[in-house]
Amino acid sequence: MTNFDVQQLIESCRLTKCTDQMIKSLGQPENADIPVAEPCSEDEAAGILRHASGRGLAVIPMGSGNQLHMGENPRRVDFLLSSRQLTGIVEHSAGDLTITVRAGTPYSEIQTYLREHSQFIPIQPPAADDSTVGGLVATAASGPERILYGSWRDNVLGLRVVYPNGNVIRTGGKVVKNVAGYDMNKLFVGSYGSLGFISEVTLRVRPYPKHKEILIAQSDRLKELTELAALVLASECIPSRLELSSNPAAGGYELAIGCDEVGSAASYQAERIRALAGTLGAAVEFTRLMNEPVEPYELQYRTRWKGLEPDSLLLRAACPIPDMTDRLSLFEKEASARNVSMEFAASLGVGTLRIRLRSTVPSALVETALRLRELSEERGGYLVVEYGEAPLKKEIGVWGTIQNGLSIMKGIKQTVDPACILSPGRYAGGL
């Protein structure tokens, strides 16, 4: 398909070209000439999708394009539909703790604006600094704060979505307490653009904490830190993060325990955690970060896990919380047995983890990833590939075994997008 053909879809639409990185992320041929349509309004987006649907053109919705590597490589791509021109704050109700923004608004700009009003959105995934809010919602990317504040599914109050036929729907509302009917928001959060083009998002916001603190516990023994995390979860402490990470640079492991409370409550929690460590007789060293030093630490975490490296796989997995210690130990043994370097960050209060595998031997990466998936799924968990070279993703399979609900998902896809023009094959089960 030529750029001229796309321009015919809607005369006023801005057109650009896919970058080399976008083409690579989508697993398309290096010399592919794929246009990117950037509508300046919701009506333009609706017109583009209406015409594309009528012609059977495959459309990949996107925000800034930084997360196109996630999901299976689409079966076909005629053009990308970007929300980059759909920017700006539509409404901010500070008293009601809600904000409505256009989907292409950079997430960092929203957070900067809210900080001026002593508020924030308590979700900071690795891609937060470079992504649009619509892109983050569409991929359901979350961060360590999920233990206290929840995920996008808990914080998205309403959406405006353009269906493939050009119809625009509104889901949810603009108030925190909205319990009428089925929660349609959850249908689109994490759908990878397979059901519609998100044009507007209404979010729950929170007061910015008066005091932010992270207590870092370090140990050479994995079990000591997982036992400490279990005691924290069973105590009266209210952690805003409980993130266990391997530390390849210094060796050993660290457990980052956050506290978004007033200073006195944070001090009490820090002392309580030290006392809990003492009951274990564990040789744990503590470092306490308060207020200003917290932000660089959080940025370092995001930078570490958003990087796309050659000769590597970036995986996202989950397993029941009680099995986390056992699974992590097994994961390390399986990687070591194949001479594959492995690092991880596990959200112990949620049961999810990020894993990065490194090796110059592709077959070792494939074997390790498949084995880790097997170990996750046998305990009722999952393992998906967030990033990998196209041949590796194809051999491993991004999504793994779909435990349940596939027939329902297929039915919804058939109803919403019968021609299968939106992100064909990118989502789980080939949807």
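Residues numbered from 1 in each chain as written. Predicted model: local features only at pLDDT ≥ 70, side-chain atom pairs only at ≥ 80, totals over all residues. Heavy atoms only, no water.

The subject of this paragraph is the layout of surface pockets. Taken as a whole, the largest pocket spans an internal volume of roughly 1400 Å³. If you go around the largest pocket, you meet 46 residues; those closest to its centre are Arg153, Gly190, Arg316, Trp399 and Tyr427. Every element with two or more residues in the lining of the largest pocket is listed here: helix H7 (152-155), helix H8 (185-188), strand S16 (312-318), strand S17 (341-347), strand S18 (352-358), strand S19 (382-387) and helix H15 (406-416). With four residues, the single largest contributor to the lining of the largest pocket is H15. Within this model, the second largest pocket holds a volume of roughly 410 Å³. If you trace the second largest pocket, you find 22 residues lining it, with Gln111, Arg115, Gln124, Glu295 and Arg302 closest to the centre. Mapped onto the lining of the second largest pocket, the elements with two or more residues apiece are helix H4 (107-115) and helix H11 (294-306). (1 Å grid on protein atoms, 1.4 Å probe; cavity = no way out; pocket = protein on both sides within 12 Å on 5 of 7 lines; lining within 4 Å. Points joined across faces, edges and corners; volume = space filled by probe spheres on them. Helix = DSSP H or I, 4+ residues; strand = E, 2+ residues; numbered from the N terminus.)

Our next topic: the sheet that holds strand S2 (residues 35-38). An order of S1-S2-S4-S3 is seen for the four strands of this open sheet, with the pairing classed as mixed. On the outer flanks of this sheet lie strand S1 (14-17) and strand S3 (59-62), each paired with one strand and no other. Taken over all neighbouring pairs, the strand axes of this sheet differ in orientation by 30 degrees on average, direction set aside. Bridge count between S2 and strand S4 (residues 79-82): two bridges; the pairing is parallel. When the bridges of S4 are listed, valine 36 appears paired with leucine 80. (Pairing = 2+ DSSP bridges. Axes fitted to C-alpha atoms, helices over the stretch in contact; angles between N-to-C directions.)

A few words on the sheet that holds strand S6 (residues 98-102). Ordered in space as S5-S6-S10-S8-S9, the five strands form an open sheet in which the pairing is antiparallel. What marks the edges here is a single partner per strand, and that holds for strand S5 (89-93) and strand S9 (168-172). Looking at each pair of strands side by side, their axes are set apart by 10 degrees on average, direction ignored. Bridge count for strand S8 (residues 156-162) against S9 is five bridges, and the pairing is antiparallel. Residue pairing across strands places arginine 160 opposite arginine 170, the latter belonging to S9. Where H4 meets the sheet, it contacts S5 and S6, and its direction lies at approximately 145 degrees from that of S6. (Contact = heavy atoms within 4.5 Å.)

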